[in-house]
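The primary structure of each chain is shown beneath.
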Amino acid sequence: MPSDPLRDLQSAADAEYVPFGSADGEPTPVVATFGHYEAEYAAIRKGVGILHEPQLGVLNLAGADVRDFVHRLCTQDINKMTGGQSWRAFQLNLQGRITTDMVVHHGDESTWLEADRCDLPALAELYDSRLFTEDVKIEDWSPRKVALALHGPATGDLLRQVADTPVDAALDMPQTHHVVKLAGHPVTVSRRDDCGEVGLRIWVERDGAPDLYEKLTDAVGGLVPDVDADAESGGAKRDLRGRGI
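Below or above, wherever it landed, is the structure these notes cover. Given the structure is predicted, the values throughout are model-derived calculations rather than measurements.

**Points about the environment of Phe132**
Working step 1: Its place among the elements puts Phe132 in the loop between helix 4 (120–129) and strand 8 (137–140).
Working step 2: Accessibility expressed as a relative area gives 70% for Phe132, which makes it exposed.
Working step 3: Between the C-alpha atom of Phe132 and that of Glu197, which follows or precedes it by 65 residues, the distance is 43 Å.

**Concerning the packing of helix 5 (residues 155–162) against helix 7 (residues 209–219)**
Working step 1: At a minimum axis distance of 10 Å, the contact between helix 5 and helix 7 shows a crossing angle of 120°. Of the possible angle classes, the one that applies to helix 5 and helix 7 is oblique. Of the two possible hands of crossing, helix 5 and helix 7 adopt the one that is right-handed. Here Leu158, Gln161 and Val162 of helix 5 lie close against helix 7, whose contacting residues are Lys215, Leu216 and Ala219.

**Digging into the pairing of strand 3 (residues 48–52)**
Working step 1: With 5 of 5 residues buried, strand 3 lies mostly within the body of the structure.
Working step 2: Both faces of strand 3 are covered, namely the face carrying Val48, Ile50 and His52 and the face carrying Gly49 and Leu51.
Working step 3: Note that strand 3 and strand 9 (residues 145–151) share 4 bridges and pair antiparallel. The partner of Ile50 across the bridge, within strand 9, is Leu150.

**Points about the nonpolar core**
Working step 1: Counting residues in each nonpolar core, the largest one holds 31 residues, and the members touching the most others are Leu148, Leu158 and Leu182.
Working step 2: When residues of this core are traced back to their parent elements, those giving at least two are strand 3, strand 9, helix 5, helix 6 (168–172), strand 10 (177–182), strand 11 (185–191), strand 12 (199–205) and helix 7.
Working step 3: Here the element with the most residues in this core is helix 7; it accounts for 5 residues.
Working step 4: In this view, Leu182 contacts Leu159, Val162, Ala163, Asp164, Val167, Val187, Ile202 and Leu212; residues no more than four positions away in its chain are not counted.
Working step 5: Ranked by size, the runner-up nonpolar core spans 19 residues in total, among them Leu61, Met102, Val104 and Ala115.

**Looking at the layout of surface pockets**
Picture a little ball the size of a water molecule; that probe, rolled over the atoms, points out where space is still empty.
Working step 1: Taken as a whole, the largest pocket holds about 390 Å³ of empty space.
Working step 2: Contributing elements (two or more residues each) for the lining of the largest pocket: strand 6 (98–106), strand 7 (110–116), strand 10, strand 11 and strand 12.
Working step 3: Residues that form the lining of the largest pocket fall into these classes: 7 nonpolar, 9 polar and 4 charged.

**Quick word on the sheet that holds strand 4 (residues 56–62)**
Working step 1: The sheet built from 5 strands is open, its strands ordered 5-6-7-4-8 with antiparallel pairing. Every interior strand has two partners, whereas the edge strands, strand 5 (85–92) and strand 8, have only one. Averaged over neighbouring strand pairs, the angle between their axes works out to 25° when direction is ignored.
Working step 2: Relative to strand 7, strand 4 is paired through 7 bridges, and the arrangement is antiparallel. Bridge pairing in strand 7 links Gly57 to Ala115.
Working step 3: This element, helix 3 (residues 66–73), spans strand 4, strand 5, strand 6 and strand 7 of the sheet and lies at about 125° to strand 4.
Working step 4: With respect to the sheet, helix 4 is in contact with strand 4, strand 5, strand 6, strand 7 and strand 8, its orientation differing from that of strand 4 by roughly 15°.

Thresholds, definitions, all that
Residues numbered from 1 in each chain as written. Predicted model: local features only at pLDDT ≥ 70, side-chain atom pairs only at ≥ 80, totals over all residues. Heavy atoms only, no water. Helix = DSSP H or I, 4+ residues; strand = E, 2+ residues; numbered from the N terminus. Buried < 20%, exposed > 50% of the residue type's maximum accessible area, 1.4 Å probe, protein only. Axes fitted to C-alpha atoms, helices over the stretch in contact; angles between N-to-C directions. Parallel < 35°, antiparallel > 145°, perpendicular 65-115°, else oblique. Left-handed = near helix turned anticlockwise from the far one by under 90°. Contact = heavy atoms within 4.5 Å. Pairing = 2+ DSSP bridges. Core = buried A, V, L, I, M, F, W, Y, C linked by side-chain atoms within 4.5 Å. 1 Å grid on protein atoms, 1.4 Å probe; cavity = no way out; pocket = protein on both sides within 12 Å on 5 of 7 lines; lining within 4 Å. Points joined across faces, edges and corners; volume = space filled by probe spheres on them. Nonpolar A, V, L, I, M, F, W, Y, C, P; charged D, E, K, R; others polar.

Structural data, given as structure tokens:
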């Protein structure tokens, strides 16, 4: 696994990490906190939290037979999907047990299978083993893509602040994905309300991830909460609009 392009920025802010992954593989370090749990929680509940999700990856499937091929292998009715839709699905093993919890992002040119990185090697091996004459090419795009997320009632405000193209469809249409430009970077955005508030997952190219991450955190006042300012004002004057997590 290549080095994390955001690690230097996070480590400089005294990030604390927890390991994520399967017991028999190399875990992925994920930021747990920058040392201010209450402020980070408040950002998600009252403003917007900015998260980096290095535990996630994507398989890219391209070819004329992708939709029917995936339909035959997972639990979702993929044949009903149209370009731009994003549906959750489970991958089962031969015993009918769930091996992968994934999101199928079906596009006009290719389809992404989004899942935990630790699950992708086995998923890719399974799909490759089931290929016969189908026109399907499978590639692990995890090394070239970085997942960010925004969660909180101010998610839409932040997205519009850094957007170079219209983003209302991405905010208003769950179970879809949209290619937009944020702070000069083409990204794929999908609505994911995983924290009980408005939420978005943003996939950006690896080389552009540090710049976009900084632009997002700078737009809300920085990566780490200014807790001293909160203490001086008694918490009354300061708006916890957002923080990186």
